[in-house]
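Chain by chain, the residues:
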Amino acid sequence: MIIREMKPSEYGELENFLYEAIHAPEGGVKISRDVLKIPELRLYTENFGSQPADDCLVVEVDKKIVGACWVRIMNDFSHIDEKTPSLVIALYENFCGQGIGSKLIKAMLNRLANKNFKQVSLSVQKSIPATRKFYERLGFEVVGEVLGETELEYVMVLKLEGKNFA
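Let me begin by describing the structure that accompanies this report. As the structure is a computational prediction, the values presented were derived from the model and not from experiment. Within each chain, residue numbers correspond to sequence positions counted from 1 in written order. Only residues with pLDDT of at least 70 are given local features in this predicted model, and only at 80 or more are side-chain atom pairs given and counted; all residues enter the totals for whole chains, interfaces and linings. The basis for the side-chain values is all heavy atoms of the structure; hydrogens and waters are excluded.

1. Brief notes about the overall build of the chain
Alright, step 1. Under the scheme used here, helices are H or I runs from DSSP no shorter than 4 residues and strands are E runs no shorter than 2 residues, and both carry numbers assigned from the N terminus. Within the chain, the secondary structure is distributed over four helices and seven strands.
Alright, step 2. Going from the N terminus to the C terminus, the chain shows its helices and strands as β-α-α-β-β-β-α-β-α-β-β.
Alright, step 3. For the radius of gyration, the atom set is restricted to C-alpha positions; the globular benchmark scales as 2.2 Å times the number of residues to the power 0.38. Taking 15 Å as the expected radius of gyration for a compact globule of 166 residues, we find that the chain reaches 15 Å, a close match to that expectation.
Alright, step 4. When its C-alpha atoms are laid out on the principal axes, the chain stretches across 40 × 40 × 30 Å.
Alright, step 5. Any residue under 20% of the maximum accessible area for its type is buried, any over 50% is exposed, and the rest in between are partly exposed; the area is computed with a 1.4 Å probe on protein chains only. Among the 166 residues that make up the chain, the fraction classed as buried is 44%.

2. Overview of the pattern of salt bridges
Alright, step 1. Here a salt bridge means any side-chain nitrogen of Lys or Arg lying within 4 Å of a carboxyl oxygen belonging to Asp or Glu. If you walk through the whole model with that rule in mind, you get 11 salt bridges.
Alright, step 2. Put simply, Lys118 and Glu161 hold a salt bridge, and the shortest N to O gap is 3.6 Å. Here the residue Lys118 occupies a position in the loop between helix H3 (100-114) and strand E5 (119-125), and Glu161 occupies one in the segment after strand E7 (152-159), the gap between them amounting to 43 residues.
Alright, step 3. Sharing partners across several salt bridges, the network here consists of Glu5, Asp55, Arg111 and Lys115.

3. Some words on the side chain of Asp55
Alright, step 1. Here Asp55 is to be found in strand E2 (residues 55-61).
Alright, step 2. Of the polar contacts made by the side chain of Asp55, one reaches the side chain of Arg111; its length is 2.5 Å.
Alright, step 3. When residues no more than four places from it in sequence are discounted, the contact partners of Asp55 are Phe48, Cys69, Trp70, Val71, Met108, Arg111 and Lys115. Nitrogen and oxygen atoms within 3.5 Å of one another constitute a polar contact, given that in protein one can donate a hydrogen and the other can accept it, and given that sequence-neighbouring residues count only through two side-chain atoms. Whether two residues are in contact is decided by their heavy atoms, any of which lying within 4.5 Å being enough.

4. With respect to the packing of aromatic side chains
Alright, step 1. Any pair of Phe, Tyr and Trp rings, taking the six-membered ring for Trp, is counted once the centres come within 6.5 Å. Such a pair is stacked with planes under 30 degrees apart, edge-to-face with planes over 60 apart, and tilted for the rest. Under the defined criterion, the tally for this structure stands at four aromatic pairs.
Alright, step 2. Taken together, the ring pairs in this structure connect Phe134, Tyr135 and Phe140 into an aromatic cluster.
Alright, step 3. The criterion for a charge sitting over a ring is simple: Lys NZ or Arg CZ within 6 Å of the ring centre, and within 35 degrees of the ring normal. The ring of Tyr19 carries the charged tip of Arg33 above its face, separated from the ring centre by 4.9 Å.

5. Side note on the nonpolar core
Alright, step 1. Residues Leu87, Ile105, Leu109, Val120, Tyr135, Phe140 and Leu160 are the most contacted members of the largest nonpolar core, which totals 30 residues.
Alright, step 2. No other element matches the seven residues that H3 contributes to this core.
Alright, step 3. When sequence neighbours within four positions are dropped, the list of residues in contact with Leu109 reads Leu87, Val120, Phe140, Leu158, Leu160 and Phe165.
Alright, step 4. Here, nonpolar core means buried Ala, Val, Leu, Ile, Met, Phe, Trp, Tyr and Cys residues that are tied together by side-chain atoms lying within 4.5 Å of each other. The next biggest cluster of nonpolar side chains, apart from the first, holds 20 residues, and it includes Tyr19, Ile22, Phe48 and Val88.

6. Considering unusual backbone geometry
Alright, step 1. Positive phi outside glycine occurs at Asp62, with the angle close to 50 degrees.
Alright, step 2. Structurally, the position occupied by Asp62 is in the loop between E2 and strand E3 (64-72).
Alright, step 3. Owing to a relative accessible area of 72%, Asp62 belongs among the exposed residues under this scheme.
Alright, step 4. Positive phi, normally seen in glycine, also occurs at Lys63, with a value near 65 degrees.

7. Here's the deal with H3
Alright, step 1. Expected helix span is taken as 1.5 Å per residue step, with the number of steps being one fewer than the number of residues. Over its 15 residues, H3 runs 21 Å from end to end, which matches the ideal 21 Å to within 8%, given 1.5 Å per residue.
Alright, step 2. Among all positions of H3, only Ile100, Gly101, Leu104, Ile105, Met108, Leu109, Asn110, Leu112 and Ala113 are buried.
Alright, step 3. Two residues or fewer after H3 comes Asn116, characterised by a positive phi angle close to 70 degrees.

Note that all results are geometric; they support no functional claim without further evidence.
What follows is the structure, given as structure tokens:
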């Protein structure tokens, strides 16, 4: 397993990981990829790399990208202010539950702290409490709620100053 920066030539892969990050309803039925055309979701990937805060780490297994964690400052569901990047992380399903996501997000959190960002935000669906608990273990705190694409989501923030995520 290798964690590295995503190359600009790979930015097109972010759509695949955004699709993975979208919560599937009960029963595991995936929603149509057409959902990625919704303007509120396009802003996560459209013209990625064009803004100063845009940054992405990927995890490779056997020379294939199996996960991505990226940030950008945007007016998304977890928008706090113009100095706080929003974070998205996703792994292909067969790589979940192996600690890969934990290593990937910690690498990104350390990277953000080293770039002197004060905090980072994200949103998580209320219907998946295990994910919220995962972020809480990293130090994220719920600061509000927002209506996402289909349901209520928690907005969570992590203060980065003086922290190291080992």
